[in-house]
Amino acid sequence: MMDLASILRYAAPIGFSAVGETVGERAGVINIGLEGTMLLSAYAATELSLTTKSPWLGLIAGAIVGVTTSLASGVLTINMRQDQVVVGTALNLLSFGLCGTLFERLRGATGQLLSLPALPKVWGGIDLALVVLVLFAAALTVVLVRSDWGLRVRASGEYPASLEAAGYSVNRTRFEAVSVGGLLAGLGGAYYAIGVAGSFAPDMISGRGFMAIAIVTFARWKPIWGLVAACLVGYFESLQYQLQMTHQDVPKSLLIALPYVATLLILIFSGRGTNAPAALGEPYKGMR
Amino acid sequence: MKTLVVAVLGLLGILVIGLIVTGVAPATGFKLLLEGAFSDQFAVSQSLVRATPLLLAGLGVTVAWKAGVFNIGGEGQLLIGAVFGASTAQLLFKLGIPLVGTVLVLVSSVLGGAIWAGVAAWLSIKRGVNLVISTILLNFIGLQLLLFGVDGPLRRKGQSAPMTEQLPDSWMLWKPSRQTDLHVGVLLAILVAVAIGVFLFRTRSGYLVRATGANPRFVRANRINPSAIQLRVMLLSGGLCGLAGGIQFLGINGQLTPSFSQQYGFLAIPVALVGGLHPLGVTVSSFFFGALFAGTSNLSRFGGSGSYFVYIVQGLAVFGLLGYRFVKDRQVEFAQ
């Protein structure tokens, strides 16, 4: 009843962000500001793709904004060792305020329906960005386990002192991991605006960043499983839209709640996070 | 004293930045903000009634965070509290018991908020579900439940618009004047703040709450289960957020609509942080942000833009606070 391409398309924003967040969390940094990062990128992508008429430049703009945002919050969480939940919450607030304000100023208050340039489909309903997502998920799964860089990332998330003892900088490794996370969160937000919604509204991300964080736990901190779990949520989202059309007697609000309930159930049945990186959420002070 | 000066100057700076981003000339902007918050009796009452839900939910956030429980779900708890309150009002309305009814509506809104927070606490303790994530998800689910309620079982008879029955004045919270929105809930919220202050700093349970946040292992070493404390704290926190919803329902609206929430439950987090997670500080900061809210509605009405001004200011205020804390901690380190 539902084709894989549309499930993957609905899954992609959460999928990109979840794969990126996995890398950051493996390095010990949890990005509660993922929601705000996605929103800022979605907005940057909206503005740039509208002015240049190119969806690709929109995606690139989203990625750049994603990296910049994650580096900025990295300064607070990694260098200044501030609480990651507080920094993320502040980032979410500020992003919502900034995007809302700029959108209101540049595009008029409400009502105006934007129509962003679409990505060309290469095969079936699949576009190139979706291919990139699958490649990223697969490549990062291997890189995290097999490469030296992956080992460093995992060390900085499990036992950062060991990384420092081996002569590497924990902060630098965390910044590298966090910027990969930001890059992918940026692509996720931009893809939501360009590939899924085709439009922008300040409240459009509505919890997808948090769903991505939830999925990382369920996927046991493995990028490829993060993508699979995102497809599960993506399935519920496309199911929700389809039910809205076929079953108009069912209250719309209950259907909209479906993906959130599904994510919560996923969390309940994924049980305790025994595989969680041991130093997740803990700032590293150095051995001195 | 020095902290106060830094705080005031910092907030002024943040307001200026916020106004520039919003595209309003700072001088005009300040004038509009001040007029909206303080120019006459009505403006002052607006500031006070907008501070009330922020204060109650901010206290809810405070007790939870004090115990090391990151309850981000104030918004959902506030909404479910309001839904419980409105349901109770609808059930009891025919009985014609205005004053008792008012109390029962408030009690049920406390219950609603506590249940919603209890779900997250229970999931966290029994299934190890991250509380930050579950409370956020429950915010979204709570909002959809409210929308379901006002467009379904709670909808006004013979109406197609999504709104509940309008309660008569006799059921609402007492108002000293018909010209303003000021209601007795403002006073109630301040009393609750005092009670929470006494609880946290003058009782054994309050001490255990703070100890759990500071060092759960210490609590465990004294053969007290920190999980049990965290569960109870979440119930209290949710109850306070639910009360915020109930008071908003009985003080201002008298009915639920899809736009009932002004995100008070979510904005209470920065209110609590800026207030230093102390009931007195939270009271001060909630009145500051309440005034800012009232000023902002004036700003967006006459200044062209600014409906998102509060979010920018709150975000910047928390960042400013973090920066200030960082500098202060470094000074302490250098002094050692």
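Just above, that's the structure.
First things first, this report covers the structure right here in the doc.

The rules we used
- Here the residue numbering is sequential within each chain, running from 1 through the sequence in written order.
- Chains and ligands are labelled sequentially in the order written, the chains with letters from A and the ligands with numbers from 1.
- Residue-level local features of this predicted model are given only where pLDDT is at least 70; pairs of side-chain atoms are given and counted only at 80 or more, and the full residue set underlies all totals for whole chains, interfaces and linings.
- Only DSSP runs of H or I reaching four residues or more are called helices, and only runs of E reaching two or more are called strands; each is numbered from the N terminus.
- We take the radius of gyration over the C-alpha atoms and set the globule estimate at 2.2 Å times the residue count to the 0.38 power.
- Our exposure labels follow a C-beta count within 10 Å of each residue's own C-beta, placed from the backbone: buried means 20 or more other C-beta atoms, exposed means 12 or fewer, and partly exposed covers the counts in between.
- One nonpolar core equals one set of buried Ala, Val, Leu, Ile, Met, Phe, Trp, Tyr and Cys residues connected by C-beta atoms within 7 Å.
- Contact between two residues is assigned when their C-beta atoms, built from the backbone, lie within 7 Å.
- Axis geometry follows a simple rule: fit a line to the C-alpha atoms, using only the stretch in contact for helices, then measure angles between N-to-C directions, giving values from 0 to 180 degrees.
- The scheme is simple: roughly parallel for angles under 35 degrees, roughly antiparallel for over 145, roughly perpendicular for 65 to 115, oblique for anything else.
- Here a crossing is taken to be left-handed if its near helix is turned anticlockwise relative to the far helix by less than a right angle, and right-handed if that turn runs clockwise.
- Throughout, the ten residues Ala, Val, Leu, Ile, Met, Phe, Trp, Tyr, Cys and Pro are labelled nonpolar, Asp, Glu, Lys and Arg are labelled charged, and all others, Gly among them, are labelled polar.

A closer look at the overall build of chain B
Okay, so step 1: The helix and strand inventory of chain B stands at 13 helices and 0 strands.
Okay, so step 2: Element order for chain B, N to C, with α for helix and β for strand: α-α-α-α-α-α-α-α-α-α-α-α-α.
Okay, so step 3: Relative to its length of 336 residues, chain B is compact, with a C-alpha radius of gyration of 20 Å against a globular reference of 20 Å.
Okay, so step 4: Principal-axis analysis of the C-alpha atoms places the extent of chain B at approximately 70 × 60 × 35 Å.
Okay, so step 5: Within the span of chain B, comprising 336 residues, buried residues form 54% of the whole.

Thoughts on the overall build of chain A
Okay, so step 1: Helix and strand counts for chain A stand at 12 helices and 2 strands.
Okay, so step 2: When the helices and strands of chain A are read in sequence order from the N terminus, they spell out α-α-α-α-β-β-α-α-α-α-α-α-α-α.
Okay, so step 3: Here chain A has a C-alpha radius of gyration of 19 Å; the compact-globule value for 288 residues is 19 Å, and the two agree.
Okay, so step 4: With respect to the principal axes defined by its C-alpha atoms, chain A has extents near 60 × 40 × 35 Å.

Remarks on the nonpolar core
Okay, so step 1: Core analysis: the largest hydrophobic core is formed by 198 residues, its most contacted members being Ala42, Ala190 and Ile215 of chain A together with Leu56, Ala57 and Ala268 of chain B.
Okay, so step 2: Of the residues forming this core, the biggest block, 14 residues, is contributed by helix α6 (residues 131-150) of chain B.
Okay, so step 3: If we skip the residues at most four places from it in the chain, alanine 268 of chain B touches Leu54, Ala57, Gly58, Val61 and Gly74 of chain B.

Points about the packing of helix α9 (residues 208-218) of chain A against helix α12 (residues 258-269) of chain A
Residues and elements named next belong to chain A.
Okay, so step 1: At a minimum axis separation of 9 Å, α9 and α12 run at an interaxial angle of 25°. Here α9 lies roughly parallel to α12, going by the angle between them. In this structure, the crossing between α9 and α12 has a hand that is left-handed. From α9, Met211, Ala214, Thr217 and Phe218 reach across to α12, where they touch Thr263, Ile266 and Leu267.

A few points about unusual backbone geometry
Okay, so step 1: Its identity is not glycine, yet lysine 53 of chain A carries a phi of approximately 60°, on the positive side.
Okay, so step 2: Structurally, lysine 53 of chain A can be placed in the loop between α2 (34-52) and α3 (55-79).
Okay, so step 3: In this structure, glutamine 263 of chain B is a non-glycine residue whose phi angle is positive, near 65°.

A look at the packing of helix α8 (residues 204-214) of chain B against helix α10 (residues 226-253) of chain B
Residues and elements named next belong to chain B.
Okay, so step 1: One way to put it is that α8 packs onto α10 with a least axis distance of 10 Å and a crossing angle of 115°. Considered as vectors, α8 and α10 are oriented roughly perpendicular to each other. At the point where α8 passes α10, the crossing takes the left-handed sense. Counting all contacts with α8, which are made through Leu208, Val209 and Thr212, the residues of α10 involved are Pro226, Ile229, Gln230 and Val233.
Okay, so step 2: Class assignment for the residues of the contact of α8 with α10 results in 5 nonpolar, 2 polar and no charged.

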